[in-house]
Amino acid sequence: MNGAMWRVVSRASSLIFHSKKRNALSVTVRTFSAPTGLYGFPHLKTAKGFQSFVDEAIQRSGELISYICAKQPASEVMRAMDEISDTVCSVVDSAELCRHTHPDREFVEEASKASMRINEYLHYLNTNHDLYDAIKKAEQECNMLSEEAKRGVRNLRADFERGGINLCSGKLDQVNKLNIEIAQLCREYNENIVMDPGIVDIYPSSRIPRNLHYLVKPIHRSVSLITKDLSGSRGTLKEKGFRITTDPQTVSSVLQFSSDDEVRKMVYIRGNSVPQANVDVLKRLISARHELAQIMGCSSYTEFSIKPNMALSPKVVMSFLLEMSKMVKPKTREEHRLLTKFKREKCGQSDEDLRPWDETYYMTMMKSSAYKLDASVVGSYFSLSNCIEGLKVLVQSLFGATFHSIPLAPNESWDPHVLKLSLHHPEEGDLGYLYLDLYSRKGKYPGCAHFAIKGGRRISPTEYQLPIVALVCNFPGSQNPSAVRLNHWEVETLFHEFGHALHSLLSRTDYQHFSGTRAVLDFAEIPSNLFEYSLIFNWDLQLECQHPPVQDEKDVFRMVMWHIISCRALGYYAWDYRVLRKFARHCSTGEEIPQKLVESMQGARDMFAATELQHLLCSC
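Every chain begins its residue count from 1, and numbering advances along the sequence as written. Given that this is a predicted model, residues contribute local features only at a pLDDT of at least 70 and side-chain atom pairs are listed and counted only at 80 or more, while totals for whole chains, interfaces and linings are drawn from all residues. Side-chain measures here rest on the full set of heavy atoms in the structure, leaving out hydrogens and waters.

## Side note on the UniProt feature "coiled-coil region" (unreviewed entry) in the protein chain
Residues annotated by UniProt as "coiled-coil region" (unreviewed entry) correspond here to residues 128–155. The distance from the first to the last C-alpha atom of residues 128–155 is 16 Å, and the span holds 75% helix and 0% strand. UniProt positions are given in the numbering used here, feature names are shortened, and annotations may be inferred rather than shown by experiment. A helix here means a DSSP run of H or I that spans at least four residues, while a strand means a run of E at least two residues long, and both kinds are numbered starting from the N terminus.

## A few points about helix H11 (residues 314–347)
Given a residue, its bend is the angle between the two axes fitted to the seven residues that end at it and to the seven that start from it. At Lys329, H11 is deflected by roughly 45 degrees, the largest bend along its length, and proline Pro330 occurs up to four residues later in sequence. A positive backbone phi angle near 75 degrees is found at Gly348, which sits one or two residues after H11.

## Describing the packing of aromatic side chains
Each pair of aromatic rings taken from Phe, Tyr and Trp, with Trp reduced to its six-membered ring, is defined by centres within 6.5 Å and is described as stacked if the planes are under 30 degrees apart, edge-to-face if over 60, and tilted in the remaining cases. Inspection of every chain in the model, using the stated rule, returns 13 aromatic pairs. A centroid spacing of 6.2 Å and a plane angle of 75 degrees characterise the contact between Phe342 and Tyr362, whose relative ring orientation is edge-to-face. With a gap of 20 residues between them, Phe342 in helix H11 and Tyr362 in helix H12 (residues 359–371) connect regions that are remote in the sequence. Assigned by exposure class, Phe342 and Tyr362 land together as buried. Every member of this aromatic cluster is reached through a ring pair, and the members are Tyr39, Trp414 and Tyr435. The ring of Phe514 has Arg151 sitting right over it, with the charged end atom 4.1 Å from the ring centre. Note on geometry: a ring has a charge over it if NZ (lysine) or CZ (arginine) is within 6 Å of the ring centre and within 35 degrees of the ring normal. One Lys or Arg, Lys420, reaches over the ring of Tyr433 and ends 5.1 Å from the middle of that ring. Burial status follows relative accessibility: with a 1.4 Å probe on protein chains alone, a residue under 20% of its type maximum counts as buried, one over 50% as exposed, and anything between as partly exposed.

## Some points on the nonpolar core
By convention a nonpolar core is built from buried Ala, Val, Leu, Ile, Met, Phe, Trp, Tyr and Cys residues, the set being connected through side-chain atoms within 4.5 Å. Judged by nonpolar contacts, the single largest core of 55 residues is most densely connected at Tyr39, Phe50 and Met81. Counting residues per element, this core draws most heavily on helix H2 (residues 74–101), which supplies 12 residues. By definition in these notes, contact holds between two residues if any of their heavy atoms fall within 4.5 Å. The contacts of Phe50, once residues within four sequence positions are left out, are Leu44, Ser94, Ala95, Cys98, Phe107, Glu110, Ala111 and Ala114. Listed in part, the 46 residues of the second largest apolar core include Leu373, Val378, Cys387 and Val598.

## Section: the side chain of Gln614
Positionally, Gln614 belongs in helix H21 (residues 609–619). Owing to a relative accessible area of 12%, Gln614 belongs among the buried residues under this scheme. Contacts of Gln614, omitting those with residues within four sequence positions, involve Ser325, Val328, Lys329 and Thr332.

## Quick word on the pattern of salt bridges
Put simply, a salt bridge is a Lys or Arg side-chain nitrogen that is within 4 Å of an Asp or Glu carboxyl oxygen. Counted by the stated rule, this structure contains 32 salt bridges. Each of the salt bridges in this network shares a partner with another, and the network as a whole consists of Asp261, Arg264, Lys343, Glu352 and Asp358.

## Some thoughts on the confidence of the model for the protein chain
Per residue, pLDDT captures the predictor's confidence, and it can take any value from 0 to 100. When pLDDT is averaged along the protein chain, the result is 84, and 84% of the positions lie at 70 or above. Predicted confidence is poor over residues 1–33, with pLDDT under 50, and the contacts of this stretch with residues over four places away or in other chains come to 117 contacts. Here residues 531–554 is modelled with pLDDT under 50, and outside its nearest four sequence neighbours on either side it reaches 58 contacts, counting other chains as well.

## A word on the sheet that holds strand E10 (residues 468–475)
The pairing criterion is simple: DSSP has to find at least two bridges between the two strands. Reading across the sheet, the 5 strands line up as E4-E5-E6-E10-E7 and stay open at both edges, with mixed pairing between neighbours. The sheet terminates laterally at strand E4 (402–405) and strand E7 (449–454), the two strands that pair on one side only. Looking at each pair of strands side by side, their axes are set apart by 30 degrees on average, direction ignored. The angle between two axes is taken between their N-to-C directions and runs from 0 to 180 degrees, where each axis is a line fitted to C-alpha atoms and a helix contributes only its stretch in contact.

## Some points on unusual backbone geometry
The peptide bond linking Tyr203 to Pro204 adopts the cis configuration, its omega dihedral lying at -10 degrees. Here the residue pair Val274 and Pro275 is connected by a cis peptide bond, since its omega of -10 degrees sits within 30 degrees of zero. Along the polypeptide, Pro275 turns up in the loop between helix H8 (261–271) and helix H9 (277–295). One non-glycine residue, Lys71, adopts positive backbone phi at about 60 degrees. With relative accessibility at 70%, the residue Lys71 sits in the exposed group.

This is the structure:
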């Protein structure tokens, strides 16, 4: 869960409470030392366990609501609200992870049912006036609270109001119906992407380069032949081809490495036009979101969604995007001219235009030509096992903490190749647990993402609930990490998503409401960018791209975004030779990556930086 207290969005995080007055409220502290079910939850030994998981969450939340309504002091109200959220989010987060990654269809279906049930309960919580009144009273009495607790109470009150609790009953009912509809449409949209990624069949097989064969599926068709004898009889021949599934990773690879213009065109068009069912889903989603925003007094859903974030308003975001676009436009035009000229030279046609499916391919060609780069040579230094080792080295170097592999208990894992790591600090002890689900499989979430399972929280002065998260990727090929080769874009992505996981694991807050990635959306990306980049932010640093001085709170968003974008020029951890030489070693010889190769990679990276930034700005 992220954003509003009860609102569910993707890449969830959670929260928690434990009463200081043990005699006032009996609280069971769940531990994960001997997990007996999926993700360590005892209920989830079987798929049907999701039903009892939801039942118990609703029952426990009801007990906490009664406790809150018994005129508790502000500190107890905040803690109890936090536990309600943790109890509910434990179901939400585990159901989301299960729906996106579990290979067993029964688990996926039961997780989907649990998700729908708990979402309905969330809307009940959103409209509970007793809870809202208790939070308002706590806010008036919060002088003796810690700064974190004060902020928690303020945020919870704002979250209730953002859910429409101040509206008349008719409008509030309408808001709840729209929120349920929006959640269902978002789920349907994501499920359609997984179930119908689109396909393109290519014949003959020689049209697909060998370095892409690991991404495609061999297929055959019958081709009629006319024999050369006088009878004119016909025969058939089995012709081999390849089926391309147009998921984002495959589309990206084909556009980058296929020399066949028609193949790139078919894959580009198909990849950007499926699934067809989502056209209708998007229409309904846009309509529902706009109606919700208007009921809430906003002119657009953009205004409604940005309000709680650092940016505060669409005007701030748009001015930033336009400012960046204006800055890079001259360089973008020059890069486009160079690409067009290069294509015309390669094609031998002076009037040939650059098509959308051409850009990535000719960029790759120009980079390889200018810097003598071979993708297979670069990939030979980035086995998955090397990259995981590199992440461990970085964590130890930056934080003095180490990752250790630990065994999974029976029923805890959802796939035989899932790994579990514990993050340990020599002085602070265990800091949290990380599941690694790294390999592609049918029906799995198609990208690379971080999922929260349990957030950290202070239970008592001497006890802390450790965070539990999962890092989900879709790396193709052998399920032996030493045999899997990553391209450098995949290395960057792995480092970025690992930054999110590390944010959750290192977060230490009294309330799970603020644990890890549970922050305003445009701030939640900062730790992952810090880990991806080799720049530790210095807020007074004046970069090459001078950003305006901070005048007021509204400028904080622009300042942060300027630093994130500008620090691309200072190098990534994943691009820095001083870091790469510690783990990037040749798969056959064990030789560390040559400095000249890294310098060539850096030069190629910067070759079309303006065009790539413009694409990023247009996708916002």
